[in-house]
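The primary structure of each chain is shown beneath.
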Amino acid sequence: HLVDLAVRELIPNVKGVDGDHGIGKRLSITFEGNLQDWTSLEKKALLTKKVEELRKQNLTVKAEMVSYDEIIRRKITLPFKLPENKPLRLLQIGNFEPMPDGGTHVENTSKLWPIEISDVVEKDGKWQVRYVVQENQEVKATVNSIEQKTEVTKNLNDLEKDIEIVKADFIK
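What this report covers is the structure whose coordinates are included nearby. (Residues numbered from 1 in each chain as written. Predicted model: local features only at pLDDT ≥ 70, side-chain atom pairs only at ≥ 80, totals over all residues. Heavy atoms only, no water.)

**Comments concerning the sheet that holds strand β4 (residues 88-93)**
Pairing between sheet strands relies on hydrogen bonds along the backbone, with the strands arranged either parallel or antiparallel. Judged by pairing direction, the sheet is antiparallel, and its 3 strands sit side by side in the order β3-β4-β5 without closing on themselves. Two strands bound the open sheet, and with one partner strand each, they are β3 (61-66) and β5 (99-100). Across 2 bridges, β4 lies against β5 in antiparallel orientation. Counterpart to L91 in the pairing with β5 is M99. (Pairing = 2+ DSSP bridges. Helix = DSSP H or I, 4+ residues; strand = E, 2+ residues; numbered from the N terminus.)

**Structural notes on helix α2 (residues 41-56)**
If you check α2, its first and last C-alpha atoms are 22 Å apart, about what 16 residues at 1.5 Å a residue would give, namely 22 Å. Regarding α2, the residues found buried are K44, L47, T48, K50, V51, E52, L54 and R55. At the exit of α2 stands N58, carrying a positive phi of roughly 55°. (Expected span 1.5 Å × (residues − 1). Buried < 20%, exposed > 50% of the residue type's maximum accessible area, 1.4 Å probe, protein only.)

**Looking at the nonpolar core**
V3, V7, L35, I117 and V129 are the most contacted members of the largest nonpolar core, which has 26 residues in total. Mapped onto this core, the elements with two or more residues apiece are α1 (2-10), β2 (28-32), α2, β4, β6 (115-123) and β7 (126-133). In terms of residue count, α1 provides more of this core than any other element does, 5 residues in total. In this view, L35 contacts V7, I11, V14, V120, W127 and V129; residues no more than four positions away in its chain are not counted. (Core = buried A, V, L, I, M, F, W, Y, C linked by side-chain atoms within 4.5 Å. Contact = heavy atoms within 4.5 Å.)

**A closer look at the packing of α1 against α2**
With their axes 9 Å apart at the nearest point, α1 and α2 run at an angle of 120° to one another. When the interaxial angle is binned, α1 and α2 end up oblique. In terms of crossing hand, the pair formed by α1 and α2 is right-handed. Residues L2, V3, L5, A6, V7, E9 and L10 of α1 lie in contact with α2, whose contacting residues are L46, L47, K50, V51, L54 and R55. Residues that form the contact of α1 with α2 fall into these classes: 10 nonpolar, no polar and 3 charged. (Axes fitted to C-alpha atoms, helices over the stretch in contact; angles between N-to-C directions. Parallel < 35°, antiparallel > 145°, perpendicular 65-115°, else oblique. Left-handed = near helix turned anticlockwise from the far one by under 90°. Nonpolar A, V, L, I, M, F, W, Y, C, P; charged D, E, K, R; others polar.)

**Focus: the pairing of β6**
One ladder, built from 8 bridges, connects β6 with β7; its direction is antiparallel. Bridged to I115 within β7 is V133. Following β6, the chain reverses through 2 residues before pairing antiparallel with β7; D124 in that reversal takes a positive phi of roughly 55°.

Okay, here's the thing in structure tokens:
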């Protein structure tokens, strides 16, 4: 969503209509509107800079459940058709306009890892802004440490089983 906000801040006449943000997917936001002038390295660098500015602002990320009628009453722009007969979740970053979303979110933008715009391409008459998330080395080190401790624990458990077998054989 931060990429979407950054793009719309710099290019106001576009509208995000889809996104792939999950594990194992190419990370991208699809926009309606013209991003033809944003395919150069310089323009992608400007988009990356804007995303980073927003990320570092420590903007609060809030989610709330509302009805479709409430969304219409608040005049929130919808990027696509939503169900009208069930509660919908809105996500709001800072004071930007809320947007519908159902994913997992951080409490503020400073918790996000750095994001870099990797490409802007036309696809099926729409424009995809592709991005990569830079690994947080501290988090990566913590995950590696946990994985190593898990392996040590497994080895200790295996060793304890072996000792019990030897004990049982010795007692016989």
